[in-house]
Amino acid sequence: MSVDGYLETFRREGRIVVVGASLAGLRAAEALRAEGFQGTLTMVGDEPHDPYDRPPLSKQVLLGKVPADHTLLARRRPIDAQWRLGAAATGLDLAARRVQLADGDAIDYDRLLITTGVRARPWPHELEADLDGVCVLRTRDDAVRLHHRLTAGPRRVLVIGAGFTGSEIASACRERGLPVTVAERGPAPLVGALGGVVGEVAAELQRAHGVDLRCGVQVTGLEGDSAGRVRKAHFSDGTAVEADVVVIALGATRNTEWLADSGLGAGPRGIACDAGCRAFDVRGIVTDDVFVAGDVARSPHPLFGYQFLSLEHWGNAVAQAETAAHNMVSGSADRRPHLWMPSFWSAQFGVNIKSVGVPPMGEQIMVTQGSLAEQRFTAAYGYQGRVIAAVTFDQAKWLDFYERQIEQAAPFPPEFTTVDRRTEGLQPVPAGFPDPSLPSHGPTITLSGHSPTDRRISFTPRRA
Amino acid sequence: MTSVALLHRITDYANRPDPYPLYAELRRTPVVRDESGPYLVSTYWEIKGLLHDPRISSDLRNLTPEAAKAGGQEHDPNLPPAFIRLDPPEHDRLRRLSMRPFGPPHTPRRVFDMHGELEEIVSGLVDGLRGRDTIDLVDDFSYPFPVTVICRILGVPREDESHFHEWADTIAAGLDPVGTAEEREAQVQGVRRARGELAAYLAGLIEERRRSPRDDMLTAMATEHGPDGQMSPVEIITTAALLLIAGHETTVNLITNGMLTLLRNPDVLQRLRTEPGLAVPLVEELLRFEPPVQMLPQRTTLADIDIDGTIIPKGASLYLMVASGSRDPQRFTDPDRFIPDRPDNQHLGFGHGLHNCFGAPLARLEAQLALTALVRRLNGPSLVEDPPPYRQNAVLRGPRHLPIAISGVTD
Ligand SMILES: Cc1cc2nc3c(=O)[nH]c(=O)nc-3n(C[C@H](O)[C@H](O)[C@H](O)COP(=O)(O)OP(=O)(O)OC[C@H]3O[C@@H](n4cnc5c(N)ncnc54)[C@H](O)[C@@H]3O)c2cc1C
Ligand code: HEM
């Protein structure tokens, strides 16, 4: 049979299995049908729920404005799929093209899409993690539990880790009038994602909203009472706080364990894929029947030196899912690369934070519009003399412009004047990213070098 | 092609009924320097890019003196500019302050809650057409409707509306980049006088509201304190004047252009009668196809900017030809066809970026309600004249009169 003939038959009666039935999985399934795929489609998801949206979980849901079960993702079109919800995939046989499920079933595929995302990194001390009142936030069930805890009126909430999720949780607590302590190992909130200069603004914001923010400290231990309820946390600086809810917000771990020994290039940093979303195997050879999309993927990006990027970004999950779906049902000449410009948003303490590009690559930062002190500004990040990223606090309207600057590799520092340029915007300063080898709350963009295999991961040094 | 002063032909009154072929000619060179000085930008992506470009200023004080002279766009020494002619951070601060009593996040239901009131005004105006066999849609409907609305929102007494009519017309005409140097000078003087009179009137009214507050926007602007503090008395005046004029001179053209377009496309008119939901996309298509604001003639560059290979020098006057951009075939399929339910209709009718229309939610609702009611209630409407007589203004373009023959008015 000719390859073209194969594609036609595949589009008509092939079998596609999607593992991971959340944002990327659902959008890919919809795109597959929109692209004209008529074969059988199986959606495997270990959560019992229909696909739902995560961003509201740390925002409206914690505030009680939206119930956790009202976050289902809007359906764009019917997908006519067989749903295997509540069933985790436990193994993959690449040669036999078969996915093994926890309940003992196995499903054969012609093409597989992996969208298993990430999960919250748990508190490393298991006994302490099991204390009543110690929570994480990744899933809808987590959100229900945390919301319930907050509604019970705790005396104090401790959030460990001041990345985006931790900061949003702290913001929700303050909006609900709850006393909250945030403990961050780095020098400021959001440093991993946005650097120290912007981190300082985030710190000001938290303090102005009444957060007891403690940076440069580690939580050394959680202490429970006789009933097994958490009551106290100890810090590396010798201090302690009493808290009856502790939220662990230390970033995420990729859901790739089920692929161990499968021969796929999957590891703790995700599953490496090419620009066409095709997974690499452990030998660094690209497969043609296994595709990857969403938070679990690491893919190379030409604008950022072809380094592999892992993005925990809603918009990336959607765009990559659509590209993966297209490529799964297209011949090689019609395939598209996934060239999504990283972009992220967060809402916290009344401020709308947005970024484009890859801020952690930035060596320097320059406030091109507005002012840090007013907590309303646009700042550009520079890497080797070009604009590599930008961030806005309540000034999202300028991001399109900076996106084009990044695409054009425009010179940094910008040579032009703009509206709303202040004196602080006349000189670039060091962006202040921490040493990437130090663990922290985890940035939502991870650069992981040029190699598709996980064993040789090396971070690009950001500063001499 | 560019040696002919295209801007002159666009502003030539003879071309008012149909400027679109001229725009098509203009788009062959996305950026062109007109004989008279300004750079004209006519293609969709270039315009949109500039509307989001922080190197572009709306503050005329950034023009080079020569560019300002050539355009007759000198700064009025008597009154500071309103926020439509200011850059951030002043623009942002004043826009936030004005938005507080008008829209989200502080007053998200303001426009939505006016639904019933707007419908009442519309039915009152249509009721008034009973017994007529010809109407002038402009004088009988399109003009009074938005004027009444914006006066109510702000809190301007009805009986003073006629003054506004005059002031607003004079000030709006001042946007028109036409005429000889002397005509231009006379126009500038006229605009200053009208602005001065309007300001004096508003100052009195604001004082009154401060003493005895009411439930209107003037009161809110004069008395409320928010995170940005309060507007100064002069800022309230310039902002109120801006809202009055913006609310006066644009929606009238949207409604009139709408009815004109429907009468030229009877099948669509018929569809709107039976399918009122069509009003929503139809109004968007009108904003694309016959936009009330044809160009944004008051922009300048803060730096040398390279667009599509043309360097626009710092301090140059820039005209963003939004009506042309909204008919750019690179962006819209079949751009010269009126398709009432056109998908993906990201027109430039309300501008874009930081100065995007503040009143858009109101203007949309006004036009949707007006057109739905007009087609439902006017029996056998037909155009008396096509094209109708237009206003002189090439920037805020629309018919001066729109005579329509009708056979009756339904309840
Ligand atoms: C609280 C919160 C707030 C956020 N806010 C923002 C925001 O403001 N802006 C933004 O850009 N992004 C935000 N994000 C990130 C965004 O939600 C993610 O980028 C997005 O959910 C990624 O989608 P995905 O489908 O790739 O992965 P996921 O949503 O993680 O879905 C993966 C799915 O696969 C399932 N799965 C895993 N392993 C298996 C297995 N072996 N077998 C079967 N199923 C499996 C998982 O249970 C899960 O249902 C937020 C995330 C969280 C948790
Ligand atoms: C159909 C009707 C309308 C149209 C087509 C229209 C169009 C526009 C356009 C194109 C702009 C951008 C100007 C620029 O970029 O320089 C604008 C700005 C503006 N409009 Fe409208 N408008 C309409 C109705 C209204 C109404 C009813 C109001 C008042 C309630 C209003 C208030 C404003 C204000 C205040 C601005 C300035 C915004 C700023 O500078 O931030 N408009 N409008």
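Residues numbered from 1 in each chain as written. Chains lettered and ligands numbered in written order. Predicted model: local features only at pLDDT ≥ 70, side-chain atom pairs only at ≥ 80, totals over all residues. Heavy atoms only, no water.

Examining the coordination of the iron atom of ligand 2
Ideal geometry at a metal gives 109.5 degrees between four tetrahedral donors and either 90 or 180 degrees between six octahedral ones.
Phase 1: Here the protein supplies the iron atom of ligand 2 with just one donor, Cys357(B) (SG), and that contact is 2.3 Å long.
Phase 2: The topology assignment puts Cys357(B) in the loop between α16 (322–325) and α17 (360–377). (Donors = N, O, S within 2.8 Å, 3.2 Å for Na, K, Ca; no water. Helix = DSSP H or I, 4+ residues; strand = E, 2+ residues; numbered from the N terminus.)

What about the sheet that holds strand β28 (residues 386–393) of chain A?
The strands that make up a sheet pair up through hydrogen bonds in the backbone, lying either parallel or antiparallel.
Residue and element names in this part refer to chain A.
Phase 1: Read from one edge of the open sheet, six strands run β24-β25-β28-β27-β26-β29, paired in antiparallel fashion. Here the strands that pair on one side only, and so sit at the sheet edges, are β24 (343–348) and β29 (429–430).
Phase 2: One ladder, built from seven bridges, connects strand β27 (residues 376–383) with β28; its direction is antiparallel. Following the sheet pairing, glycine 382 is matched in β28 by valine 387.
Phase 3: Those strands touched by helix α6 (residues 164–175) are β24 and β25 (351–357), and its axis lies near 25° from that of β24. (Pairing = 2+ DSSP bridges. Contact = heavy atoms within 4.5 Å. Axes fitted to C-alpha atoms, helices over the stretch in contact; angles between N-to-C directions.)

Considerations on the UniProt feature "domain: FAD/NAD(P)-binding" (unreviewed entry) in chain A
Phase 1: When the UniProt feature table is mapped onto this chain numbering, "domain: FAD/NAD(P)-binding" (unreviewed entry) sits at residues 15–321 of chain A.
Phase 2: Note that residues 15–321 of chain A is 23% helix and 31% strand, and that its end C-alpha atoms are spaced 17 Å apart. (UniProt positions renumbered as here; feature names shortened; annotations may be inferred.)

Brief notes about the site of ligand 2
Residue and element names in this part refer to chain B.
Phase 1: Taken together, 28 residues lie near ligand 2, and His91, Arg95, Arg299, His355 and Cys357 sit nearest.
Phase 2: A distance of 2.6 Å separates an oxygen atom of ligand 2 from a polar atom in the side chain of histidine 91.
Phase 3: Contact between ligand 2 and arginine 95: an oxygen atom at 2.7 Å from a side-chain N or O atom of the residue.
Phase 4: Taken together, the elements giving at least two residues each to the shell around ligand 2 come down to α5 (90–99), α12 (233–249), α13 (251–264) and β5 (296–301). (Near = heavy atom within 4 Å. Polar contact = N/O pair within 3.5 Å; in protein donor to acceptor, adjacent residues only side chain to side chain.)

Describing the nonpolar core
Phase 1: If you look at the biggest cluster of nonpolar residues, it comprises 89 residues, and the most contacted ones within it are Leu154(B) and Met259(B).
Phase 2: A per-element tally of this core places α17(B) first, with eleven residues.
Phase 3: Once residues lying within four places of it in the same chain are set aside, the contact partners of Leu154(B) are Asp216(B), Met217(B), Leu218(B), Met221(B), Ala240(B), Leu243(B) and Leu244(B).
Phase 4: Membership of the second largest hydrophobic core comes to 78 residues, among which are Val159(A), Val182(A), Ala203(A) and Ala389(A). (Core = buried A, V, L, I, M, F, W, Y, C linked by side-chain atoms within 4.5 Å. Buried < 20%, exposed > 50% of the residue type's maximum accessible area, 1.4 Å probe, protein only.)

Some remarks on the domain arrangement of chain A
Note: interface size is frequently given as the accessible area lost on complex formation between the parts.
All names here are of chain A.
Phase 1: Splitting chain A by domain gives domain 1 (3–53 + 73–119 + 253–334), domain 2 (122–250) and domain 3 (343–433).
Phase 2: The gap between the C-alpha centroids of domain 1 and domain 3 is 34 Å.
Phase 3: In this complex, domain 1 contributes seven residues to the contact, which on the side of domain 3 involves ten residues.
Phase 4: Both sides of the domain 1 and domain 3 interface together cover about 700 Å² of buried area, and 73% of this is carbon and sulfur.
Phase 5: On the domain 1 side of the interface with domain 3, the three residues burying the most area are Leu303, Phe304 and His313, jointly 71% of the side's total.
Phase 6: Seen at the junction of domain 1 and domain 3, the total is zero salt bridges. (Domains from an automatic or database assignment. Buried area = accessible area lost by both parts, 1.4 Å probe. Salt bridge = Lys/Arg side-chain N within 4 Å of Asp/Glu carboxyl O.)

What about the confidence of the model for chain B?
Caution applies to low-pLDDT parts of the model: their predicted coordinates are not meant to be read in detail.
Phase 1: Of the residues in chain B, 97% reach a pLDDT of 70 or more, and the chain-wide mean stands at 92.
Phase 2: Scored as a complex, the prediction yields pTM 0.89 and ipTM 0.83. (pLDDT = per-residue confidence, 0-100.)

Here's the deal with the interface of chain A and chain B
Phase 1: Taken together, the contacts link 15 residues of chain A with 16 residues of chain B.
Phase 2: Summed over both sides, the interface between chain A and chain B buries roughly 1300 Å², with carbon and sulfur atoms accounting for 61% of that surface.
Phase 3: Taken as a group, Lys397(A), Trp398(A) and Val419(A) account for 38% of the area that chain A buries against chain B, more than any other trio of residues on that side.
Phase 4: The shortest N-O distance in the salt bridge between Lys397(A) and Asp92(B) comes to 3.3 Å.

Digging into the packing of aromatic side chains
Centre distance and the angle of the planes are the two values used to describe a pair of aromatic rings.
Residue and element names in this part refer to chain A.
Phase 1: Following the criterion strictly, the structure yields 19 aromatic pairs over all chains and no others.
Phase 2: With centroids separated by 4.7 Å and ring planes inclined at 25°, the aromatic side chains of phenylalanine 377 and phenylalanine 393 adopt a geometry described as stacked. Separated by 16 residues along the polypeptide, phenylalanine 377 in strand β27 and phenylalanine 393 in strand β28 bring together distant segments of the chain. Both residues of the pair, phenylalanine 377 and phenylalanine 393, belong to the buried class.
Phase 3: Consider the rings of phenylalanine 401 and tyrosine 402, whose centres lie 5.1 Å apart with planes at 90°: the pair is edge-to-face.
Phase 4: On the basis of relative accessibility, which here comes to 1%, the residue phenylalanine 401 falls in the buried class. (Phe/Tyr/Trp six-rings, centres within 6.5 Å; stacked < 30°, edge-to-face > 60°.)

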